Amino acid sequence: MLLQLNNIFKWVNSGGQRIFLLKDINLNVEEGEFISIMGPSGSGKSTLLNVIGMLDGFEEGEYHFLDESVHSLKEKHRANLYKEYIGFVFQSYHLLDDLTVKENLEMPLLYKKFKGSERKAMVADMLDRFNIVGKKDLFPAQLSGGQQQLVGIARALISNPKLILADEPTGNLNSKQGEEIMELFKQLNEEGVTIIQVTHSEKNAEYGSRIINLLDGRMI
Amino acid sequence: MKTQLFKSVLRNLLKKKFLSSVKILGLIAGYGVFIFLAEKIQYETSYDQFWNESESVYRVALDVSCENGEEVVSAKNFHGSTELLDEELAEVDTHCNLSKDVVTVFNGPQQKIQNVDFIWSDPTFFEVFDREIIDAKTTSLLENIHGVAISQSFAKKLYGAENPIGKELTVNEGWKFVVDAVFEDIPENSHLKVDVVCAYKTLFYYMKNFDNTAQVLVDNPNYQYVKADPYTQKRWRAPVQYRPYCYIKLDKGFTIGSVSNKVGPLLKKVALPQNLKDATVDFIFQPIADIHLKSKLDHELSANGELTQVFFLGIIILVVLLVCLINFINLNTISTIENAKNYSIRILNGSRYGQVFQLLFIESLLFNLIAIGVSLVLAYRLIITQIPSGGISSFTLLILVLIGALVTLVACIVPFISVVRNKAFSIVRSGSQKLQQKWTSQKIMVTMQFSITIILIICTIGIYKQMQFVNNSELGFSGNQTLFSFTPMSMNQHPDLANKLTTFKNEVSALGGIVSFSTSSSIPGRPINRLTNQVKAIDAENPYAASFEQVSIDDAYMETYSIPLIAGGNLSYQNDWNSNDILVNRTALSHMGFANENEAVGKSISISNNNYEIRGVVEDYHHVSLHTTVKPTIYSQNLRWDHSVGFYSFRLSSNNIAGTTAQIQSIWNQLYPKEEFIFSFSNTEFEAQYLQDQRFNQILSYSTILALLISCLGLLGVALFNTKKRVKEIGVRKVNGAKIQQILFALNRDFIKWVAIAYVIACPMAWFVLDNWLESFAYKTTIGIWIYLLSGLVALIIAMLTVSWQSFKAAIANPVESLRTE
C-alpha cells in the first residue's frame, strides 16, 4: 500500500456558507498503479491531487502515506515526505524561464544536498533517458510545448520519486505531443513508478489502470 | 466619463491602502524637506539685499601683510580708509564708519535694557544704510551733539506706546541722550544689527566733558568738532579694538573695480605710521550682500553664516527630491503593472490608449496634490519655529508647483511607456509575468537611491562624531559650576570702580558657596578681540613678528577657570587691581623666542613701550571654539579693558547653587543699585559657539532620516514587486523541495548586491563631502574606517529588514495558490 485516504473532507467558508471542495473521499493506492482522475470543471480533481501531494491540507479525515499518518504530521515533516517521494508535473509545465533545460533539471537536486558531481551524473542520466541531450543548453522558451513537458516530467523524476502527480499534463499540448507524453507515462509506470493523473480526456484516461470519477467533490 | 475615471482611481487607491500610503508618505517627506530647506536657503542668501542699492554698498576690509609673511585680514579698518576714498575718488558717493559698543540703556531708574545693539557712527549712516525715518525732530540726523536715533522696535520696548521723540535715555555710566529720530527696524537678515545710533562726535564730546565723579555732563558751548584729516597719521593708528567697520557707497554707474585699482597710489599720499609703511597694505571691498555668507575675516561684526553649509543644504534638497522622484516613479510603475489587467480589459472594451493615460495621470496628480497640501502644512509649522522670516515665499510655492507638475508627469509617463505601451503588454493576459525587461532600470534607480542614502548616513555619523569630539575635547579649563555676569556698566570710568570692586569681592568671597571670584576682560567662549603687535624684548629694536591676544585678568582668574600654571607663579593680589606683572600662555613662548617655560619666568618684555615682567606661564586652553587654533596670549593685571566692559566670574561649590546666587544678587543690589544682576553659566556660553554647527547637524540628521525613510519605502515597493513577479518561481522551487530559508536567501541576494554596489559608489563621495566640512575646524576628529563600515552595515540591515518582510511572506505562502493554472 502506497497511500490511503479515509473519509477526507475539505471545505472553505464563503459568505457564511460552507462550500465543500472534497466530500468523503476514500481511496487506496497500491504501488505500481496508474490512476486517472476525471470529472467536469470544479469537481475537485486538482484539489484532490494537491491533497495527495500534501501541498494542501484538509479539514477532516485521515491520510496515510507509506507508514506515516500525514494528517497528524507537522508541516516540516510533511514537506520532507513529499520532497522525498513525490514528483509533480503541471499542465503549464512551470519551468523556470531564466534557467536552461539542464539547470531546470538540476534545480530540485540543489535542495536535496547532492554533491556537484552526483548532480551532474543524475542530470546527464535524465537527459540521456529522455533523449534531450542536444537541448540541454536551451531555455524553455526555445522549446515546443511537448518538449517543455518532457523536461517537466524529467524534472519530476530526477530525484527518483515513488509517486508522480500530474495535473492535466497534456492540457496545453496538441494530440500528437499528448500521445507521446502518455506513452512516456505508460512506460514509466511499467518501470514501477506510481502515477496519478488528472485529465479531461477519455482517451488519456484509458492509459491508466483505474479511473476515478469526481462530481462536486464526491467520488462516483 | 470623467467621474467614472475619478471614481475608478479613488477606489483603486483605497483598495491598495498599503502601496498608496507608501507612495504618499514618500512624496510628503520629499516635498516637506524641499519646502523647509528652500526657505532656509532663501533666508540665508537674502542677507543685506533689502537695502536700497545694496549692490553699490561695500565694506572696506583691511589686509596687512608683514615682511615676515604674516598676514592679517580684518573686517575692521582705520577711520582714515573710507575718509580717504571719499575725499579722493569721484566713484565714491558717500561713506560711513561704525563702531559697536556694549551698553545698557536706562529709561529712568526703573527700566533698563542690557546688551543693546548700539553703534557709534557718522551722520552719513542713513545715506549708506537707507532706513525710513518714521519720526524725527530734525532733518539733519545725528548732527545734534546730544541726540540719538533709535529703531522702531527699540522705541516700543523702551517707551511703550508713548511718543519717543524728545524723550531722554541714559547709557551705562550716566551719559544722557535725547531721542531725535525713530527709524524703521533693520530686518533680521542683515549682518548689521542696530537699535541705537549715535554720532562719533557725541562720543568724543562726552568723553571730554563728562565728569565721572559727579556723573554729569559739563556742557561746553564753545565746542567745535573738527573732523580729522585722513592724510594724517592720527587716522591710521588705532589698535584693532578701536578701529571701526568702514563702508562706502558708490555713485551710480561706477564699478568697484575702478576703485580697488586706485588704493595703492592713494595710500602713498598718506603719512602712514611706520608699522604700516613696512608692510603691504591693501583694502578688500566686500559687497554687503556677500558679507553674511562669504566673509570669514578676523574681527567680524557678528557671527556669519557659512556658504558651504548653504551649499550642502542645496545638495540635500536635490538629493532628497531625486530620491523622492525615483521612488515615486518606481512605485507607480509597480502599481501600473499590478493594474495591467484592468487596463487591458479597458482596451479590450474599446478604450483608447490616451484614456488609459488619463487614468494614470489623474492618479499621479491626486497623489501629488495630497502630498503638496500635507507637506505645506507640516513644513509651515516647522518654519515658523525655526526661521526668523517665518513663512513660505511665493518663490518656494512656484518651484514646488513646478516640481509637483514634473513629478506628476514623469511618474505617469514612465509607467505608461514601459508598461502600457510596451510590446509585451498583452491584452489578454495580465502583464505581471511578462515584464522583465524593464527590470534593470528599477535596479539602477534603487541603487542610486541607496548610494545617496549611504552618503547621508556617513556624513551624519561623521558630523555627529566631530560634534562629540568638540564637546568632549579637553578645553584646558573648567567652566563647571561657574557663573558669569557683565561688569556693572554704571561703574565704567567711575573713580569708585576699584574700591567698590574690592568691597564686592570681599563680601562675595565671604559667602560659603563661593569657591572663587574673578574679574576679567573676557571669559572662555567670548572672543578676546584685543590684539597687539607692539610686543618686543626689552632691549630689542623691533617687535616680535606675531600678534598677541591680550586679556586683562586678576589674580583669581586662573583658579576660577582651573587653568594650570606650568612655570613661575601666579599674579598676586593688588589693592588697586593693577600691576606690571603678566602671565603668558605656552603658545606665546615660541613666538617670544623662549626655548622653554622656565626660561621665560622673570623676564621683562615691552608692550607698547611699557615694561612688564613675566610672572608665570600657563597651559594653553581653548578660549574660543575648536574652529580656531590657540593664539599666543598675554594676561595682564588691570581693569583697563576694551570698551570698559568686562566680566565677573563666580565658581560655586556644588551645594545650593540657587541659594548662593540669591546671596550674590543681594550684595550686588546693595553696591550697584542701578543695575540688575544677570548671570549665565560659563559652560552654556562656551557651547553656544557651536549653535550653528549643531543646527546644521540637526537639519542633516533629519534629512538623512527622511531620505532613508523614502529609500526604504522605495525598496519596499520594489521588494513587493520583485516577490510578486517571482511568485511562480517560488512556487516551483518550493514544490521541488526548497526550504523557506533557501527561498529567503534567493530573494534577498539581489538586494544585497544592489546595496553593495550603492555602498561602493557612496564611500568616496561621502569622504569628499565630510573632508570638506571638517576643514572649518582647526581641531578635528579622525574619521575612522569604522564609520564607513558602520554606515554600510546600517544601510544593509535596514534594507534587509525592509525586503525580508516581503520575502518572508512570499516564502511561507502555499505554492498551490501560485501554481494554479489560470
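Residues numbered from 1 in each chain as written. Chains lettered and ligands numbered in written order. Predicted model: local features only at pLDDT ≥ 70, side-chain atom pairs only at ≥ 80, totals over all residues. Heavy atoms only, no water.

Under an unreviewed UniProt entry, chain A has the name Phosphonate ABC transporter ATP-binding protein and belongs to Flagellimonas eckloniae. Here chain A is described in UniProt, under the heading Sequence similarities (unreviewed entry), as follows: "Belongs to the ABC transporter superfamily. Macrolide exporter (TC 3.A.1.122) family." (UniProt positions renumbered as here; feature names shortened; annotations may be inferred.)

**With respect to the interface of chain B and chain A**
Counting from both sides, the interface comprises 16 residues of chain B and, opposite them, 21 residues of chain A. When the area that chain B buries against chain A is broken down by residue, the three leading residues are B:R733, B:V735 and B:N736, summing to 32%. On inspection of chain B and its partner chain A, the count reaches 0 salt bridges. In this structure, the connection of chain B to chain A is made through 3 residue pairs in polar contact (both at pLDDT 80 or more). Those elements that provide at least two residues to the side of chain B that touches chain A are α23 (727-735) and α26 (815-819) of chain B. (Contact = heavy atoms within 4.5 Å. Buried area = accessible area lost by both parts, 1.4 Å probe. Salt bridge = Lys/Arg side-chain N within 4 Å of Asp/Glu carboxyl O. Polar contact = N/O pair within 3.5 Å; in protein donor to acceptor, adjacent residues only side chain to side chain. Helix = DSSP H or I, 4+ residues; strand = E, 2+ residues; numbered from the N terminus.)

**Remarks on the packing of aromatic side chains**
All names here are of chain B. Within the structure shown, the criterion is met by 51 aromatic pairs over all chains. Ring geometry for F78 versus W236: centroids 5.8 Å apart, planes at 45°, classification tilted. Of this pair, F78 sits in the loop between β2 (71-74) and α3 (79-88) while W236 sits in the loop between β11 (216-217) and β12 (245-250), and the two are 158 residues apart along the sequence. Relative accessible area serves as the criterion here: at 1%, W236 is assigned to the buried category. With a centroid separation of 5.4 Å and 55° between ring planes, the pair formed by Y557 and Y561 is classed as tilted. Just as Y557 is buried, Y561 falls in that class too. Sitting above the plane of the Y159 ring, K167 keeps its charged end 5.9 Å from the centroid. (Phe/Tyr/Trp six-rings, centres within 6.5 Å; stacked < 30°, edge-to-face > 60°. Buried < 20%, exposed > 50% of the residue type's maximum accessible area, 1.4 Å probe, protein only. Lys NZ or Arg CZ within 6 Å of the ring centre and 35° of its normal.)

**Focus on the sheet that holds strand β4 (residues 60-65) of chain A**
Residues and elements named next belong to chain A. Ordered in space as β2-β1-β4-β5, the 4 strands form an open sheet in which the pairing is antiparallel. The sheet is open, and its two edges are formed by β2 (17-29) and β5 (68-69), each paired on a single side. Bridge analysis of strand β1 (residues 3-14) against β4 gives 5 bridges, and the strand direction is antiparallel. Opposite L3, over in β4, you have F65 as the bridge partner. (Pairing = 2+ DSSP bridges.)

**With respect to unusual backbone geometry**
The phi torsion at A:D24 lies on the positive side, around 50°, for a residue other than glycine. We note that B:L142 has phi near 65°; this positive angle belongs to a residue other than glycine. Take B:L142: its relative accessible area is 5%, and that puts it in the buried class.

**Considerations on the sheet that holds strand β24 (residues 647-652) of chain B**
Residues and elements named next belong to chain B. Taken in spatial order, the 4 strands of this open sheet run β15-β24-β14-β25, and their pairing is antiparallel. One side of each edge strand has no neighbouring strand; the edge strands of this open sheet are β15 (514-520) and β25 (680-681). Pairing geometry for strand β14 (residues 482-486) and β24, over 5 bridges, is antiparallel. Within β24, the residue paired with F486 across the bridge is F647. Its contacts with the sheet place helix α16 (residues 497-509) against β15 and β24, and it is angled at close to 160° to β15. Across the sheet, helix α20 (residues 657-671) touches β14, β15, β24 and β25, and the angle it forms with β24 is around 145°. (Axes fitted to C-alpha atoms, helices over the stretch in contact; angles between N-to-C directions.)

**Points about the side chain of B:D554**
Residue and element names in this part refer to chain B. Mapped onto the elements, D554 comes out in the loop between β18 (548-553) and α17 (557-560). Among buried Asp, Glu, Lys and Arg side chains, D554 stands out as unpaired, with K505 the closest opposite charge at 4.6 Å. Of note is the side chain of D554, whose polar atom sits 2.9 Å from the backbone nitrogen of T519. Ignoring sequence-local partners within four residues, the contact set of D554 consists of F517, S518, T519, L571 and W577. (Lys, Arg positive; Asp, Glu negative; His and termini not counted.)

**With respect to the packing of helix α22 (residues 691-725) of chain B against helix α25 (residues 785-812) of chain B**
All names here are of chain B. At their nearest, the axes of α22 and α25 sit 9 Å apart, and the two run at 25° to each other. Of the possible angle classes, the one that applies to α22 and α25 is roughly parallel. In this structure, the crossing between α22 and α25 has a hand that is right-handed. Here L708, C712, L715, L716, A719, L720 and T723 of α22 come into contact with α25, specifically with I798, A799, T802, V803, W805, Q806, S807 and A810. The class makeup of the residues in the contact of α22 with α25 is 11 nonpolar, 4 polar and no charged. (Parallel < 35°, antiparallel > 145°, perpendicular 65-115°, else oblique. Left-handed = near helix turned anticlockwise from the far one by under 90°. Nonpolar A, V, L, I, M, F, W, Y, C, P; charged D, E, K, R; others polar.)

**As for α20(B)**
Three- or four-residue spacings in an α-helix give side chains the same orientation, since the helix completes a turn every 3.6 residues. Residue and element names in this part refer to chain B. The end-to-end C-alpha distance of α20, which contains 15 residues, comes to 21 Å, matching closely the 21 Å that a straight helix rising 1.5 Å per residue would cover. Taken residue by residue, α20 has T660, T661, I664, I667, W668 and L671 as its buried positions. Each buried residue of α20 sits inside an arc of 120° when the element is viewed along its axis, so together they form one side. Relative to its buried face, α20 has exposed residues pointing more than 90 degrees away, namely A658 and Q670. Packed against the buried residues of α20 are β14, α16, β15 and β24. (Expected span 1.5 Å × (residues − 1). Arc of directions from axis to C-beta.)

**As for the pattern of salt bridges**
Residue and element names in this part refer to chain B. Tallying each qualifying case throughout the model produces 26 salt bridges over all chains. In this structure, K252 and E53 form a salt bridge, with 3.6 Å as the shortest nitrogen-oxygen distance. A residue pair is termed long-range when its members are at least 10 positions apart, and K252 in the loop between β12 and α7 (256-260) and E53 in the loop between α2 (17-45) and β1 (57-65) qualify at 199 residues. Relative accessible area serves as the criterion here: at 65%, K252 is assigned to the exposed category. With a relative accessible area of 23%, E53 lands in the partly exposed category. Among the charged side chains, a salt-bridge network with shared partners connects R726, E729, R733, D750 and K753.

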